[in-house]
Amino acid sequence: TFRWRHRFLNLPSSIKPVELNGIIEVDEMFILHSDKGKRNLNRPARKRGGKAEKPGRSAEQVCILVARDREGHTVDHVSRGFDKEVIAKVLSPILAKDVILCSDGLSSYEAFCREHGVVHKTLNLSAGIRVVDDVFHIQNVNAYHSRFKGWLRRFHGVATKYLPNYLGWFRWLDKNRSALAIKPLLAASSGTNQQLMVT
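Heads up: these notes are all about the structure in this document. This one's a predicted model, so the numbers in the text were calculated from it and none came from an experiment.

This part covers the nonpolar core. Inside soluble globular proteins, nonpolar side chains tend to come together where they are buried. One finds Ile64, Phe148, Trp151, Leu152 and Leu163 to be the most contacted residues of the largest nonpolar core, which totals 21 residues. Within the residue set of this core, elements represented by two or more residues are strand S1 (23-32), strand S2 (61-69), helix H4 (139-152) and helix H5 (163-175). Per-element accounting of this core gives the leading share, 5 residues, to H4. Contacts of Ile64, omitting those with residues within four sequence positions, involve Asp27, Glu28, Met29, Ile31, Asp76, His77, Val78, Phe148, Leu163 and Leu167. Membership of the second largest hydrophobic core comes to 19 residues, among which are Ala67, Val75, Ala88 and Val118.

Rendered as structure tokens:
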């Protein structure tokens, strides 16, 4: 069962949009690093996902950067650290010309936009500024984070090495909510049909 699950997960993890356009929302979320399934651990095993020993961001967690445009095209990336180099690695190849990037006030986003000539709209969330000029916000990407975390809870912890596969699975489900849209995915995953398009 495990082998078949990951056979079906390999394909959606590789299906990502090649370009994001218009207004792009970007934000990061952090999930506890997991060695689920590993036999030799250098720490006591956690039960049913477990919790971090320290509150907030720490070395116990991995970062998931998520960028979405207003058409719902979504790109995600898993990394142990987070800085402007990670942002550049993920966003530089996929940003169309004349995009506007919306983010929180983290300096890494500001540095990336300045170095790459990207128009940047900053939300000062700590000051309660969640929308700028009635249109610039990161509410869509934050809602996506919430949906993903809620969906992921059913697995009671996911091994970090498989996290990109689960992100791809959820990305496909979130974009293609009709049950009929799952059939071509299953067919392509089993090798019956490889003609899948990113929409």
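And the narrative resumes.
Attention now moves to the environment of Trp169. Along the chain, Trp169 falls in helix H5. Sequence separation between Trp169 and Ile15 is 154 residues, and the spatial gap between their C-alpha atoms is 9.6 Å.

The next subject is the sheet that holds S1. Where strands meet in a sheet, backbone hydrogen bonds hold them as pairs that are either parallel or antiparallel. Here we have 5 strands laid out as an open sheet, ordered S3-S2-S1-S4-S5, and mixed in their pairing. The sheet is open, and its two edges are formed by strand S3 (74-79) and strand S5 (119-123), each paired on a single side. With direction set aside, neighbouring strand axes in the sheet form an average angle of 25°. With 6 bridges joining them, S2 and S3 adopt antiparallel strand pairing.

Okay, the pairing of strand S4 (residues 100-104) next. Across the 5 residues that make up S4, a large majority, 4, are buried. With 3 bridges connecting them, S1 and S4 associate as parallel partners. In the sheet register, Ile24 faces S4, and the bridge partner there is Leu101. Here 5 bridges tie S4 to S5, and the two strands are oriented parallel to one another. In the sheet register, Leu101 faces S5, and the bridge partner there is His120. The β-α-β motif built from S4, the intervening helix H3 (residues 107-116) and the parallel element S5 has right-handed crossover chirality.

The backbone of Asp98 sits at a positive phi, close to 60°, despite the residue not being glycine. Mapped onto the elements of the fold, Asp98 is located in the loop between helix H2 (84-91) and S4. At His156, a residue that is not glycine, the phi angle is positive and equals roughly 55°. Among the secondary structure elements, His156 is positioned in the loop between H4 and H5. Owing to a relative accessible area of 36%, His156 belongs among the partly exposed residues under this scheme.

A separate point is H2. For an α-helix, 3.6 residues make a turn, and residues three or four places apart therefore share a direction. Listing the buried residues of H2 in full gives Val86, Ile87, Ala88, Val90 and Leu91. In this structure, the buried residues of H2 make contact with S1, S2, S3, S4 and H3. Where H2 begins, the capping side chain belongs to Asp83, and its oxygen is found 3.1 Å from the backbone nitrogen of Glu85.

Turning next to the packing of H2 against H3. At a closest axis distance of 8 Å, the pairing of H2 and H3 adopts a crossing angle of 55°. Between H2 and H3, the angle falls in the class oblique. The interaxial crossing formed by H2 with H3 has right-handed handedness. Along the contact surface, H2 presents Lys84, Ile87, Ala88 and Leu91, while H3 presents Ser108, Tyr109, Ala111, Phe112, Glu115 and His116. Of the residues contributing to the contact of H2 with H3, the split by class is 6 nonpolar, 2 polar and 2 charged.

About the cut-offs
Residues numbered from 1 in each chain as written. Predicted model: local features only at pLDDT ≥ 70, side-chain atom pairs only at ≥ 80, totals over all residues. Heavy atoms only, no water. Core = buried A, V, L, I, M, F, W, Y, C linked by side-chain atoms within 4.5 Å. Buried < 20%, exposed > 50% of the residue type's maximum accessible area, 1.4 Å probe, protein only. Helix = DSSP H or I, 4+ residues; strand = E, 2+ residues; numbered from the N terminus. Contact = heavy atoms within 4.5 Å. Pairing = 2+ DSSP bridges. Axes fitted to C-alpha atoms, helices over the stretch in contact; angles between N-to-C directions. Right-handed = clockwise from strand over helix to strand, strands pointing away. Polar contact = N/O pair within 3.5 Å; in protein donor to acceptor, adjacent residues only side chain to side chain. Parallel < 35°, antiparallel > 145°, perpendicular 65-115°, else oblique. Left-handed = near helix turned anticlockwise from the far one by under 90°. Nonpolar A, V, L, I, M, F, W, Y, C, P; charged D, E, K, R; others polar.

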